[in-house]
Amino acid sequence: PRYTLPHFELGRMYYAWGHYHKAIEPLKKAIELNPEAVASHINLGMNYNHAGMYRDAEEVLREALKIVPDQTQAHYDLGFALMQQGRSKEAIKHFREAVKSNPHNVKAYHFLGYSLVVHEHDLVTARKLLKELELLHPQQAKELAHLISLND
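Just so we're clear, the structure is a prediction, and the values are computed from it rather than from any experiment.

1. Details of the overall build of the chain
When helices and strands are counted, the chain shows nine helices and zero strands. Along the three orthogonal principal directions, the C-alpha set of the chain runs to about 55 × 25 × 25 Å. Looking at the chain residue by residue over its 152 residues, the buried ones come to 45%. Of all intrachain contacts in the chain linking residues separated by at least 6 positions in sequence, the fraction that spans at least 24 positions is 47%. On the chain, roughly 8400 Å² of surface is accessible, and the fraction owed to carbon and sulfur atoms is 55%. Each charge class in the chain was averaged separately, 18 positive and 18 negative side chains, and the resulting centres sit 1 Å apart.

2. Section: the layout of surface pockets
Roughly 200 Å³ of internal volume is contained in the largest pocket. Taken together, the elements giving at least two residues each to the lining of the largest pocket come down to α3 (38-51) and α5 (72-84). Among the elements that take part in the lining of the largest pocket, α5 stands out by supplying four residues, more than any other. For the lining of the largest pocket, the class distribution of residues is four nonpolar, four polar and two charged.

3. Here we look at the packing of α5 against helix α6 (residues 88-101)
At a closest axis distance of 8 Å, the pairing of α5 and α6 adopts a crossing angle of 160°. As summarised for this structure, α5 and α6 are arranged roughly antiparallel, according to the angle between their axes. Helix-helix and strand crossings are classified by hand; for α5 and α6 the assignment is left-handed. Packed against α5, whose contacting residues are T72, H75, Y76, L78, G79, F80, L82 and M83, the element α6 presents E90, A91, H94, F95, E97, A98 and S101 at the interface.

4. What to know about the packing of helix α1 (residues 4-16) against α3
Put simply, α1 and α3 touch, their axes get as near as 11 Å, and they point 25° apart. Comparing the axis directions of α1 and α3 gives the class roughly parallel. When you trace α1 past α3, the crossing you get is left-handed. Along its contact with α1, which presents F8, R12 and Y15, the element α3 presents A39, S40, N43, M46, N47 and H50.

5. Let's talk about the environment of K29
Tracing the sequence through the fold places K29 in helix α2 (residues 20-33). Exposure remark for K29: the relative accessible area of 24% places this residue in the partly exposed category. In the structure, K29 is positioned 61 residues away from E90 in sequence and 29 Å away in space, judged by C-alpha atoms. Look past the residues within four positions of K29 in its chain and what remains in contact with it is P1, R2 and H7.

Conventions used here
Residues numbered from 1 in each chain as written. Predicted model: local features only at pLDDT ≥ 70, side-chain atom pairs only at ≥ 80, totals over all residues. Heavy atoms only, no water. Helix = DSSP H or I, 4+ residues; strand = E, 2+ residues; numbered from the N terminus. Buried < 20%, exposed > 50% of the residue type's maximum accessible area, 1.4 Å probe, protein only. Contact = heavy atoms within 4.5 Å. Areas by Shrake-Rupley, 256 points an atom, 1.4 Å probe, with all protein chains shown as cover. Lys, Arg positive; Asp, Glu negative; His and termini not counted. Charge placed at Lys NZ, Arg CZ, Asp CG, Glu CD. 1 Å grid on protein atoms, 1.4 Å probe; cavity = no way out; pocket = protein on both sides within 12 Å on 5 of 7 lines; lining within 4 Å. Points joined across faces, edges and corners; volume = space filled by probe spheres on them. Nonpolar A, V, L, I, M, F, W, Y, C, P; charged D, E, K, R; others polar. Axes fitted to C-alpha atoms, helices over the stretch in contact; angles between N-to-C directions. Parallel < 35°, antiparallel > 145°, perpendicular 65-115°, else oblique. Left-handed = near helix turned anticlockwise from the far one by under 90°.

See below:
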């Protein structure tokens, strides 16, 4: 009962199976037993996002970023939680941090572009992002170009 790994793995297993509400307690227990374990925080945050519990996700992911400030997955999932709460300016900041620390994070680029165009109507910045994407992720660039054209 005092060993972190079984709680963490049980939570991950429930998460992988889509049993998001069952995953919460084991992941919380893993954090309780080892508060510095960033992976437990991130997995709980991802789980909360999938369960639609965006404020809870925000809280646990902010804790993860206190431990490891440049953690790509934590920035991405926090951006997603914030976007779902209608806080697109904050979400954009975290999506930018996610792609800064991992330029191969296509999902972070997707939601960054989507937030710029759909939520903020910032087509100028979206076009700048498009130029960056053309070299890194051509398919994502095409999708963003199409989104821009629909909103122009």
